[in-house]
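Given next are the chains, with one letter for each unit.
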Amino acid sequence: MRKLCYLITHKFMLVLLSLSAQIFLLIFIIWRFSRFFTYFYFLSTLLSIITVLYIINGRSNPGYKIAWLVPVLLFPLFGVVFFMLLGSNRLNKKSINKMQNISRKMAGALAGTDEKTEKLAAYNDYAASQSRYIGDYAFCPPYQNTKARYLPSGEVKFEHLLNALKSAKKYIFLEYFIIEEGMMWDTILEVLVEKAKNNIDVRIIYDDMGCLMHLPRDFGKKLMLCGIKSVVFNPFK
């Protein structure tokens, strides 16, 4: 019974029921006003053609275009509606301004790091050119005297992750696309909770869409009660 209530109240299920209700309502309206079907069909076809031309003339990659052209052409009205709701891959003005502000701050913080690129040029001009490009457009300059270790499997990575978390003295910042409750995450969470109790700054970023079917609805509140700061990226709405 508890699992059934969780499934019914899950936000994905609520959205699915909402979309189903809207589709049913649209079908009912079409049936109720069937005598105007000719006008309706003409209008939906016209909208479909306009949408197709808009997609084709867009700057998105061909794979993205084909993925939307097929449903728009097969289901003129529904395809157009779903494209209007989900098809935009452009950032809104607020997000653009926010990212530009971050870019300006990063560019200022990384000013004067060209000497490492020049040292790199003495070894390989191509690598130096790539480094300049990445530094100019992604604000990731080259570093020296760093260390990297190859971890061949998830089991080895998990062991090293736990050791790193347990040895943290000031802060723990984690970022994941998918988090799922289970043996691995529960073990990590125990360490994070203990560290938070010891005044270690613990923060987590995770993708809400990626965790849609893996985490409970109140996961963020659960972390907050444990003293862990969290924020979702790409929230499901």
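See the structure shown above.
Described in the following lines is the structure provided in the data block. (Residues numbered from 1 in each chain as written. Predicted model: local features only at pLDDT ≥ 70, side-chain atom pairs only at ≥ 80, totals over all residues. Heavy atoms only, no water.)

### Some thoughts on the packing of helix 9 (residues 154-166) against helix 10 (residues 183-197)
- Viewed as axis vectors pointing N to C, helix 9 and helix 10 meet at an angle of 10 degrees, and their least axial separation amounts to 10 Å. By the angle class used here, helix 9 and helix 10 are roughly parallel. Contact residues: Phe158, Leu161, Leu162, Leu165 and Lys166 in helix 9; Met184, Thr187, Ile188, Val191, Leu192 and Lys195 in helix 10. (Axes fitted to C-alpha atoms, helices over the stretch in contact; angles between N-to-C directions. Helix = DSSP H or I, 4+ residues; strand = E, 2+ residues; numbered from the N terminus. Parallel < 35°, antiparallel > 145°, perpendicular 65-115°, else oblique. Contact = heavy atoms within 4.5 Å.)

### Notes on a nonpolar patch on the surface
- Among the surface-exposed residues, Phe24, Leu25, Phe28, Ile29, Trp31, Phe33, Phe36 and Tyr39 lie close enough to one another that they form a single nonpolar patch of about 940 Å² accessible area.
- For the nonpolar patch, the element with the most residues is helix 2 (residues 11-32), which contributes five residues.
- Structurally, Ile29 is set in helix 2. (Patch = residues over 30% accessible without salt bridge, like charges linked within 9 Å, V, L, I, M, F, W, Y side chains within 5 Å. Areas by Shrake-Rupley, 256 points an atom, 1.4 Å probe, with all protein chains shown as cover. Salt bridge = Lys/Arg side-chain N within 4 Å of Asp/Glu carboxyl O.)

### A look at the nonpolar core
- Of all hydrophobic cores here, the largest spans 24 residues; its most connected members are Trp185, Leu192, Ile204 and Ile228.
- Contact partners of Ile204, with chain neighbours within four places excluded, come to Leu174, Ile179, Trp185, Leu192, Leu223, Ile228, Lys229, Ser230 and Val231.
- Counting residues in each nonpolar core, the second largest holds seven residues, with Val52, Trp68, Val72 and Phe83 among its members. (Core = buried A, V, L, I, M, F, W, Y, C linked by side-chain atoms within 4.5 Å. Buried < 20%, exposed > 50% of the residue type's maximum accessible area, 1.4 Å probe, protein only.)

### Describing the pairing of strand 3 (residues 229-233)
- Of the pairings in the sheet, the one linking strand 2 (residues 201-207) to strand 3 comprises five bridges and is parallel in character. Opposite Ile205, over in strand 3, you have Val231 as the bridge partner.
- Note that the unit made of strand 2, helix 11 (residues 219-225) and strand 3 has a crossover that is right-handed. (Pairing = 2+ DSSP bridges. Right-handed = clockwise from strand over helix to strand, strands pointing away.)

### With respect to the packing of aromatic side chains
- Inspection of the entire model under this criterion finds seven aromatic pairs.
- With 6.1 Å between their ring centres and 70 degrees between their planes, Tyr54 and Phe83 make a pair best called edge-to-face. Within this pair, whereas Tyr54 is found in helix 3 (residues 37-56), its partner Phe83 is found in helix 5 (residues 76-86), the two being separated by 29 residues in sequence.
- Residue classification places Phe83 among the buried residues on the basis of a relative accessible area of 11%.
- With a centroid separation of 5.4 Å and an interplanar angle of 80 degrees, the aromatic rings of Tyr206 and Phe219 are classed as edge-to-face. Residue Tyr206 is found in strand 2, and its partner Phe219 is found in helix 11; the two are separated by 13 residues along the sequence. (Phe/Tyr/Trp six-rings, centres within 6.5 Å; stacked < 30°, edge-to-face > 60°.)

### Observations regarding the state of the cysteines
- This structure, assessed with the given rule, holds zero disulfides.
- Just so you know, Cys211 is unpaired, no disulfide at all, and the nearest cysteine sulfur is the one on Cys226, 16 Å from it.
- Cys211 gets classed as buried once you look at its relative accessible area, which sits at 3%. (Disulfide = S-S within 2.5 Å.)

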